[in-house]
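# Summary of the model geometry
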Amino acid sequence: MPSYGSEFKSVIARVRSHERWFSESLPMIASENVTSQPIRDVLSSDLGHRYAEGWPGERVYAGCKFIDQIELQAIALGKKLFKADFIDVRPISGVVANLAVYSALSGPGDTMLALSIPNGGHISHGKKDFSGSAGLVHSLNVEYLAFDKDSMNIDVDETKKRIAALNSVKLAMFGASLFLFPHPVKELAQTIRDKGGVVCYDAAHVAGLIAGGQFQDPLREGAQVMTFSTHKTLFGPQGGAIVAGTEFADPLKKAVFPGTTSNHHLHSVAGKAMVFAEFLQFGRKYAKDVVANAQAFAGRLADLGEKVLGEKNGYTMSHQVAVDVMKYSDGGVMEKLLESQNVIVNRQLIPGDLQAGRHYTNPGGIRLGVAELTRLGMGKTEMKETAEVVHLALGGKKKREVVGRIRELRKGFQKVKYSFKDSPAYSFN
Ligand SMILES: *Cc1c(COP(=O)(O)O)cnc(C)c1O
């Protein structure tokens, strides 16, 4: 009988290695963030072993006395944070939240408007040809919102023309994965509704900026339903949620359960309640600091000669910065080159890539986010150093200097801030 004890232990050792690596790196994946210690503690609690199903007070499972209280707390705090009449905190991710919305508000064959992936759209908005969830899982016919490369935003006039040419529109999905500037929800909402469409907004990336009042306020600009992830700029546990007007509550609740979830990760629901409280307390300051940091970082990178997208509008109004890296190589090669120097970013499809024959393994750009570095306490001074280091790393000729400068920079930034008590960012043991 072989012993698997060493396999078991080696997983733990690898988790430690991962944390050590990240503690001396620049974690700049725009969809990632870090949670405070009390949220991590709750994530490993007994709640993660339990089932509930259904709505608090109407559960399918026994044993939910305290779980119900926690979920009602998450609901109350979430409604307050997003100034919404209805929230469902049960979707286990942003994609599941989107699938629930599609299921509640449309049927197979209906038309949904969304951005194409090179223009920032997410795979969950995608056509069947690209195995996008909207097409592949719910058989939606996806038509594209028009996009203007120069302003790196939706082209309002051209989109209106496209809508006019369609027979009907069931859903429109604003929001994106490459998301630099607020979308023209106000300008397009009425046109979409006149065509019979429900206006939806995918705030997966920007939920924290919206909650902190620093981006746009979709629900006040004409969006009727908003989905989001709870772990990107909103620095909570990995998960999803949906906010909407009460007129959509019944179909959305049914589409979440039993439609798209059974177990809804009760440990994560507790973490969602906690992050909503953190955001009500610290969110405004955090979101402000994130946007200021992204702008400082982008400005310095551009000064150093990098081709930062969105120049016309000041590069960014979010936590993200997009860089065309074609002067070096492609985004896939640059992602690996940066990773080898402890700079962790995504390669990124950018407008024009598909026409030029580039796809997601070798796109023209990279995307960098400052949400996590900001949560670790970095400010504008550190953003300038970060930009210089990223610029050097892209050059690829000063690897030892890059690694050393990052280690030095990270020395003072090992704690999670914007929470009720600072806690270690990499504390696994
Ligand atoms: C990240 C993202 C999602 C998916 O969220 P998960 O929580 O990872 O499932 C959905 N939509 C957009 C626009 C995203 O960027």
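If you're wondering where the values come from, they're calculated on a predicted model, not measured in any experiment.

Now for the overall build of the chain. When you go through the chain residue by residue, the secondary structure sums to 15 helices and 17 strands. Computed over C-alpha atoms, the radius of gyration of the chain comes to 22 Å, within 12% of the 22 Å expected from 2.2 N^0.38 for 429 residues, which places it in the range of a compact globule. Counting only C-alpha atoms and orienting by the principal axes, one finds that the chain spans roughly 55 × 55 × 50 Å. Intrachain contacts of the chain at a sequence separation of at least 6 include 74% that bridge at least 24 residues. Here the chain has roughly 18,200 Å² of accessible surface; of this, 51% comes from carbon and sulfur atoms. Positive and negative side-chain charges of the chain, numbering 52 and 44 respectively, have mean locations separated by a distance of 4 Å.

So, on to the environment of Asp157. Relative to the helices and strands, Asp157 is located in helix 6 (residues 156–165). For Asp157, a relative accessible area of 55% puts it in the exposed group. It is 35 Å that separates the C-alpha atoms of Asp157 and Phe235, two residues lying 78 residues apart in sequence.

Time to look at the domain arrangement of the chain. Many authors give the size of an interface as the accessible area that is lost as the parts come together. Here the domain parsing of the chain yields domain 1 (40–277) and domain 2 (284–424). Summarising the inter-unit geometry, the C-alpha centres of domain 1 and domain 2 are found 26 Å apart. Across the domain 1/domain 2 interface, buried area totals approximately 2,400 Å², and carbon plus sulfur atoms make up 66% of it. At the boundary of domain 1 with domain 2, the tally comes to zero salt bridges. Our count for the contact surface shared by domain 1 and domain 2 stands at 10 residue pairs in polar contact (both at pLDDT 80 or more). Elements supplying a minimum of two residues to the side of domain 1 that touches domain 2: strand 5 (147–148) and helix 8 (207–211). When its residues are assigned to classes, the side of domain 1 that touches domain 2 shows 14 nonpolar, nine polar and four charged.

Before going further, it helps to examine the sheet that holds strand 8 (residues 198–202). Reading across the sheet, the seven strands line up as 2-10-9-8-7-3-4 and stay open at both edges, with mixed pairing between neighbours. Of all the strands in the sheet, the pair left with one neighbour each is strand 2 (86–88) and strand 4 (141–144). Taken pair by pair, the neighbouring strands of this sheet meet at an average axis angle of 20 degrees, ignoring direction. Judged from the three bridges that link them, strand 8 and strand 9 (residues 225–229) form a sheet pairing that is parallel. Paired with Tyr201 across the strands is Met226, a residue of strand 9. Helix-sheet contacts for helix 7 (residues 185–194) involve strand 3 (111–114), strand 7 (171–174) and strand 8, and the interaxial angle to strand 8 is about 145 degrees. Along the sheet, helix 10 (residues 249–260) contacts strand 2 and strand 10 (240–244); its crossing angle with strand 2, the most-contacted strand, is approximately 5 degrees.

To continue, consider the packing of aromatic side chains. The tally for this structure, following the rule as stated, stands at 12 aromatic pairs. With centroids separated by 4.6 Å and ring planes inclined at 50 degrees, the aromatic side chains of Phe235 and Phe279 adopt a geometry described as tilted. Taken as a pair, Phe235 in the loop between strand 9 and strand 10 and Phe279 in helix 11 (residues 266–303) lie far apart in primary sequence, 44 residues in all. Across this residue pair, the class does not change: Phe235 and Phe279 are buried. An aromatic cluster is defined as three or more aromatic residues linked by ring pairs; in this entry it consists of Phe235, Phe279, Tyr286 and Tyr418. Here the guanidinium or amino end of Arg375 rests over the ring plane of Phe235, the centre of that ring lying 3.4 Å away.

Okay, the site of the ligand next. Of all residues adjacent to the ligand, which total 14 residues, the nearest are Gly94, Ser177, Asp202, Ser229 and Lys232. Note that an oxygen atom of the ligand is positioned 3.3 Å from one of the side-chain N or O atoms of Ser93. Between an oxygen atom of the ligand and a side-chain N or O atom of His205, the distance comes to 3.4 Å. Here the ligand, which alone exposes 380 Å², has 87% of that area covered by the protein. In terms of residue count, the dominant contributor to the shell around the ligand is helix 4 (residues 94–105) (three residues). Here the shell around the ligand is composed, by residue class, of three nonpolar, nine polar and two charged.

With that settled, consider the sheet that holds strand 12 (residues 320–324). What the four strands build is an open sheet, ordered 11-12-15-14; its pairing is antiparallel. Every interior strand has two partners, whereas the edge strands, strand 11 (307–308) and strand 14 (346–348), have only one. Two strands pair when backbone bridges link them, and strand 12 and strand 15 (residues 365–369) are joined in this way by five bridges, in the antiparallel orientation. When the bridges of strand 15 are listed, Gln320 appears paired with Gly369.

Criteria and cut-off values
Residues numbered from 1 in each chain as written. Predicted model: local features only at pLDDT ≥ 70, side-chain atom pairs only at ≥ 80, totals over all residues. Heavy atoms only, no water. Helix = DSSP H or I, 4+ residues; strand = E, 2+ residues; numbered from the N terminus. Rg over C-alpha atoms; globule rule 2.2 N^0.38 Å. Contact = heavy atoms within 4.5 Å. Areas by Shrake-Rupley, 256 points an atom, 1.4 Å probe, with all protein chains shown as cover. Lys, Arg positive; Asp, Glu negative; His and termini not counted. Charge placed at Lys NZ, Arg CZ, Asp CG, Glu CD. Buried < 20%, exposed > 50% of the residue type's maximum accessible area, 1.4 Å probe, protein only. Domains from an automatic or database assignment. Buried area = accessible area lost by both parts, 1.4 Å probe. Salt bridge = Lys/Arg side-chain N within 4 Å of Asp/Glu carboxyl O. Polar contact = N/O pair within 3.5 Å; in protein donor to acceptor, adjacent residues only side chain to side chain. Nonpolar A, V, L, I, M, F, W, Y, C, P; charged D, E, K, R; others polar. Pairing = 2+ DSSP bridges. Axes fitted to C-alpha atoms, helices over the stretch in contact; angles between N-to-C directions. Phe/Tyr/Trp six-rings, centres within 6.5 Å; stacked < 30°, edge-to-face > 60°. Lys NZ or Arg CZ within 6 Å of the ring centre and 35° of its normal. Near = heavy atom within 4 Å.

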